Number of protein chains: 2
Amino acid sequence: MAKLHLYTAGITAGFTILLTAAAAEDAALPKQAQEIFQPLPKDLASAELPIKRERVELGRSLFFDPRLTIDGNMSCSSCHQPAFYGTDACPRSIGVQQRPHLRNAPTVLNAGTLDIVHWRGDRDSLEDQVAKAVTSPITSGQPNEKAVIDRLSRVPGYVPLFAAAFPNKPQPMTVQNIADAISAYERTLLTPSPFDAYLAGDQNALSPAAHAGLAKFINTGCVACHNGVGVGGWTYQKFGVVEDYWNATGSDPIDKGRADVTKDPADLYVFRVASLRNVAMTPPYFHDGSVATLPEAVKVMERVQLGVALSDADTRDIVAFLESLTGELPANFAAAPVLPTGAVVPAK
Amino acid sequence: MAKLHLYTAGITAGFTILLTAAAAEDAALPKQAQEIFQPLPKDLASAELPIKRERVELGRSLFFDPRLTIDGNMSCSSCHQPAFYGTDACPRSIGVQQRPHLRNAPTVLNAGTLDIVHWRGDRDSLEDQVAKAVTSPITSGQPNEKAVIDRLSRVPGYVPLFAAAFPNKPQPMTVQNIADAISAYERTLLTPSPFDAYLAGDQNALSPAAHAGLAKFINTGCVACHNGVGVGGWTYQKFGVVEDYWNATGSDPIDKGRADVTKDPADLYVFRVASLRNVAMTPPYFHDGSVATLPEAVKVMERVQLGVALSDADTRDIVAFLESLTGELPANFAAAPVLPTGAVVPAK
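Because the structure is predicted, anything quoted here is derived from the model rather than measured.

J.: I'd love a proper account of the overall build of chain A, names of residues and values included.
T.: What chain A contains, in helices and strands, is 14 helices and two strands. Based on the C-alpha atoms only, the size of chain A along its principal axes is roughly 90 × 40 × 35 Å. Residue burial in chain A is summarised as follows: out of 348 residues, 54% are buried. The contacts in chain A between residues at least 6 apart in sequence include a share of 72% that link residues at least 24 apart. Total accessible area computed for chain A in this model is approximately 15,500 Å², and 59% of it derives from carbon and sulfur atoms.

What follows is the structure, given as structure tokens:
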């Protein structure tokens, strides 16, 4: 009995040392995380971009309205579906009249927090993105801005909505105002997550696995790119630092990335670093949607960007951390608005 | 002063007579309406079709899930959108891979109350409709039931949902069960309206115009077909009783209707009488979506079915009555569910 007691005491002493080291690390981790990441702001209102209720409501209706597009059967919400956390679960989206999009649809959730728009940064702002999308041959199929405005002006219920959202304007229904309204709506689509609660000081907001995963996410070097408020989304990076990405993912065709936009050879295979907010809800992964699951995507990243091979257990912890970046769907996104009635597509 | 008094008294007396007549009519109208129409039931649960929560929840997910279809980019909710009260605002819907549907998408709201499924009654039940839709070349594009099940079984989150919805079955994931689940969900999509409150005895539930419209709807003969719980939806009728419908609407091509299903010449141009619940929210109108607005649709009906020409004021009143058939969107339809993750469409 005495022997057993001594043995148990020895185990307890060993445990205490381990726990003390772990406690010291635990205490340091939140501080370290707060230096690398920022929590989501409460809202994105600013002096230049005030969040006006009427404008947001109009933008919400337009976001869900397929009458913006040539056949009247696709809306922003077709590729950015609430059911898939603002994505469409397709590797690459299918646009109007079966026209293929070249890249995977990124989520619109928290898009207002990101400094770079689109995978290749080929749009200046959310407003620029929307304005170009409404006459894009793939996204909309409408031949020009006039066709878009002609279509919408045949929905009587939109007239007062535009007037309320853009008061004191002689012609409130313009493509620029459509872009301003949809962007204003998108800026309201914020999804605070358990990780934001953790950054605000609530250590219990992360599970033990997520906590361990956060430490590994930092120590493995993922945070070199995935940092800031979006846990990514504001810098560019070559996809395939250590190893070619198309070998690792079987991606086909090879995408030259930002080089096609800037014509700078230094931008070959360079893309926006993806924001990892809600990443667990938005497979498939990468600009080409070539990878179906999150553990697989983490392993590709480790291999081609960092040249490391983490164990399955480490990868699971990192995935647990990434799952802590999932927030709740905003109510004004989960539910579609009831749209002003009006059938504007001629019978065929 | 005395003269004015007498004159006023005369007017008042005349008014009293009119008001008394109107009051008598007012008193008779609710009773008359109660004989012609029935309010929506509270729910559609029955011994044969119990409403099971797990089955309804599964059905709701499947209803919104585009992964049921060949390219993964269309779901039931593509043609039956919450934003358009369960329709798509298109004259005729566009199916998968741009394949045209032959007829206008009727709303799924209150569909569980209707005795006839589809415009031509070519489906035996909601279950039969869904089961055929999931392998229809236009609706789904999936080549066979196996392809549908293979696709869904690659979404891990569906396995427990099917098991919970269909307990004690060795293989819960079947097309029949998909059909049962989606039908169970659809049976929950009921939209009680101001007119139901009126039928339940609340005379103030209808505006004066709607009240007048109800009387005209009855007295003009619309109720010969549009009656019962759905204000239509349970009988067949020839479209074009008095005058050919394609002359009145410019419909092209001419649709032989139910005759193509039954091969009975008596069924030439025969269609399901449309339920008028939520009709104000679901333009365009008729099986071909050939008419864009509700007043126009009422006038076509008056002309080709009843051979009458009501005044604009009478038509406005009837439209006001029809607007009283609009209920609120059910919460489990307005908001899309968050779907189990899983990207199942191979990259192209």
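Resuming the write-up.
J.: Account for the packing of aromatic side chains, naming residues and giving values.
T.: Tallied over the entire structure, the rule returns 34 aromatic pairs over all chains. Aromatic side chains F37(B) and F321(B) sit 6.4 Å apart centroid to centroid with 45 degrees between the ring planes, which places their arrangement in the tilted category. Note that F37(B) is positioned in the loop between α1 (2–36) and α2 (53–63) and F321(B) in helix α13 (residues 312–323), a separation of 284 residues in sequence. For the pair Y245(B) and Y269(B), a centre-to-centre distance of 6.4 Å together with 75 degrees between the ring planes defines the contact as edge-to-face. Here Y245(B) is found in helix α10 (residues 245–249), whereas its partner Y269(B) is found in the loop between α11 (259–262) and β2 (270–272), with 24 residues between them in sequence. As far as burial versus exposure is concerned, Y245(B) and Y269(B) are alike and both buried. Taken together through their ring pairs, the aromatic side chains of F239(A), Y245(A), W246(A), Y269(A), F271(A) and F286(A) make up a single cluster. The ring centre of W119(B) lies 6.0 Å from the NZ or CZ of R272(B), which sits over that ring.

J.: Help me get a handle on the layout of surface pockets, residues and values and all.
T.: Residues and elements named next belong to chain B. Taken as a whole, the second largest pocket holds about 960 Å³ of empty space. In terms of lining residues, the second largest pocket is bounded by 41 residues, among which H80, H101, H118, Q129 and T139 are the most central. Where the lining of the second largest pocket is concerned, the elements lending two or more residues are α3 (76–79) and α4 (126–133). Looking at the lining of the second largest pocket residue by residue, the class counts come to 20 nonpolar, 13 polar and eight charged.

J.: Give me the lowdown on the interface of chain B and chain A, citing residues and values where you can.
T.: For an interface, size is often stated in terms of accessible area lost upon the parts coming together. Each side of the interface is counted separately: chain B has 44 residues, and chain A has 44 residues. Where chain B abuts chain A, roughly 2,900 Å² becomes buried across the two surfaces, and 65% of that area is made up of carbon and sulfur atoms. On inspection of chain B and its partner chain A, the count reaches zero salt bridges. Across the side of chain B that touches chain A, the residue classes break down as 28 nonpolar, eight polar and eight charged.

J.: Tell me what's going on with empty space enclosed by the protein, and back it up with residues and numbers.
T.: The gaps left among the atoms become clear once a water-sized probe is rolled over them. Within the structure shown, the criterion is met by three cavities of 30 Å³ or more. Space inside the largest cavity adds up to approximately 520 Å³. The wall of the largest cavity is formed by 36 residues, among which S77(A), S78(A), Q81(A), S77(B) and S78(B) lie closest to the centre. Elements with a minimum of two residues in the lining of the largest cavity: α3 (76–79) and α14 (331–334) of chain A together with α3 of chain B.

J.: So what's going on with the packing of α4(B) against helix α7 (residues 175–186) of chain B? Which residues, and what values?
T.: Residue and element names in this part refer to chain B. Closest axis-to-axis distance for the α4/α7 pair is 8 Å, and the angle between their directions is 130 degrees. Here α4 lies oblique to α7, going by the angle between them. Viewed along their axes, α4 and α7 form a crossing whose handedness is right-handed. Note on element contacts: α7 touches α4 through V175, Q176, I178, A179, D180, I182, S183 and E186, opposite L126, E127, V130 and A131. Considering only residue class, the contact of α4 with α7 consists of seven nonpolar, two polar and three charged.

J.: Give a detailed account of unusual backbone geometry, specifying residues and quantitative values.
T.: At the junction of D252(B) and P253(B), the peptide bond is cis and its omega measures out at 0 degrees in the coordinates. Structurally, P253(B) can be placed in the loop between α10 and α11. Cis geometry is found at the peptide bond from P283(B) to P284(B), where omega equals -5 degrees. Looking at the secondary structure, you find P284(B) in the loop between β2 and α12 (294–306). One non-glycine residue, Y85(A), adopts positive backbone phi at about 55 degrees. You can call Y85(A) buried: its relative accessible area is 6%. Not every positive phi belongs to a glycine, and K263(A) is a case in point at roughly 60 degrees. Taking relative accessible area as the criterion, K263(A) reaches 64% and is therefore assigned exposed.

J.: With reference to specific residues and values, describe the relation of the copies chain B and chain A.
T.: Mapping chain B onto chain A is achieved by rotating through 180 degrees and translating by 0.0 Å along the same axis, at an RMSD of 0.0 Å. Interpreted geometrically, this transformation is the action of a two-fold axis. Considering only C-alpha atoms, the residue of chain B closest to the rotation axis is A335(B), which sits at 1.9 Å. Here 100% of the contact residues of chain B are again contact residues in chain A; the copies associate through an equivalent surface.

J.: Break down α2(B) for me, with residues and values.
T.: Each turn of an α-helix holds 3.6 residues, which means side chains three or four residues apart point in the same direction. Residues and elements named next belong to chain B. Counted residue by residue, α2 has eight buried out of eleven residues, so it is predominantly covered. Residues R55, V56, L58, G59, R60, S61, L62 and F63 constitute the buried set of α2. On its buried face, α2 is in contact with α3, α5 (145–153), α6 (158–165), α7 and α14 (331–334).

J.: Describe in detail the side chain of R103(A), supporting the description with residues and values.
T.: Relative to the helices and strands, R103(A) is located in the loop between α3 and α4 (126–133). When neighbours within four sequence positions are excluded, R103(A) is seen to be in contact with P91(A), R92(A), S93(A), W119(A), R120(A), D255(A), F271(A) and H287(A).

J.: Give me the lowdown on the pattern of salt bridges, citing residues and values where you can.
T.: Within the structure shown, the criterion is met by 28 salt bridges over all chains. In this structure, K216(B) engages D314(B) in a salt bridge whose closest nitrogen and oxygen atoms are separated by 2.9 Å. Placement of K216(B) in helix α9 (residues 208–219) and of D314(B) in helix α13 is noted, with a sequence separation of 98 residues between them. Each of R120(A), D122(A) and R123(A) takes part in salt bridges that share partners, so that together they form one network.

J.: Which residues make up the environment of C90(A), and what values go with them?
T.: Tracing the sequence through the fold places C90(A) in the loop between α3 and α4. C90(A) sits in the buried class, given a relative accessible area of 2%. Residues C90(A) and C79(A), spaced eleven residues apart in sequence, show a C-alpha to C-alpha distance of 8.6 Å. Beyond its immediate stretch of four places on either side in the chain, C90(A) contacts N104(A), P284(A), D71(B) and G72(B).

J.: Describe the environment of N227(B), naming the residues involved and giving the relevant values.
T.: Residue and element names in this part refer to chain B. Structurally, N227 can be placed in the loop between α9 and β1 (236–238). Accessibility expressed as a relative area gives 13% for N227, which makes it buried. Residues N227 and Q38 lie 189 residues apart in sequence; the distance between their C-alpha atoms is 8.1 Å. A distance of 2.9 Å separates the side chain of N227 from the backbone oxygen of V223, its partner in a polar contact. A polar contact of 3.3 Å, which involves the side chain of N227, links it to the backbone oxygen of A224.

The rules behind each value
- Residues numbered from 1 in each chain as written.
- Chains lettered and ligands numbered in written order.
- Predicted model: local features only at pLDDT ≥ 70, side-chain atom pairs only at ≥ 80, totals over all residues.
- Heavy atoms only, no water.
- Helix = DSSP H or I, 4+ residues; strand = E, 2+ residues; numbered from the N terminus.
- Buried < 20%, exposed > 50% of the residue type's maximum accessible area, 1.4 Å probe, protein only.
- Contact = heavy atoms within 4.5 Å.
- Areas by Shrake-Rupley, 256 points an atom, 1.4 Å probe, with all protein chains shown as cover.
- Phe/Tyr/Trp six-rings, centres within 6.5 Å; stacked < 30°, edge-to-face > 60°.
- Lys NZ or Arg CZ within 6 Å of the ring centre and 35° of its normal.
- 1 Å grid on protein atoms, 1.4 Å probe; cavity = no way out; pocket = protein on both sides within 12 Å on 5 of 7 lines; lining within 4 Å.
- Points joined across faces, edges and corners; volume = space filled by probe spheres on them.
- Nonpolar A, V, L, I, M, F, W, Y, C, P; charged D, E, K, R; others polar.
- Buried area = accessible area lost by both parts, 1.4 Å probe.
- Salt bridge = Lys/Arg side-chain N within 4 Å of Asp/Glu carboxyl O.
- Axes fitted to C-alpha atoms, helices over the stretch in contact; angles between N-to-C directions.
- Parallel < 35°, antiparallel > 145°, perpendicular 65-115°, else oblique.
- Left-handed = near helix turned anticlockwise from the far one by under 90°.
- Least-squares fit on C-alpha atoms with pLDDT ≥ 70 in both.
- Polar contact = N/O pair within 3.5 Å; in protein donor to acceptor, adjacent residues only side chain to side chain.

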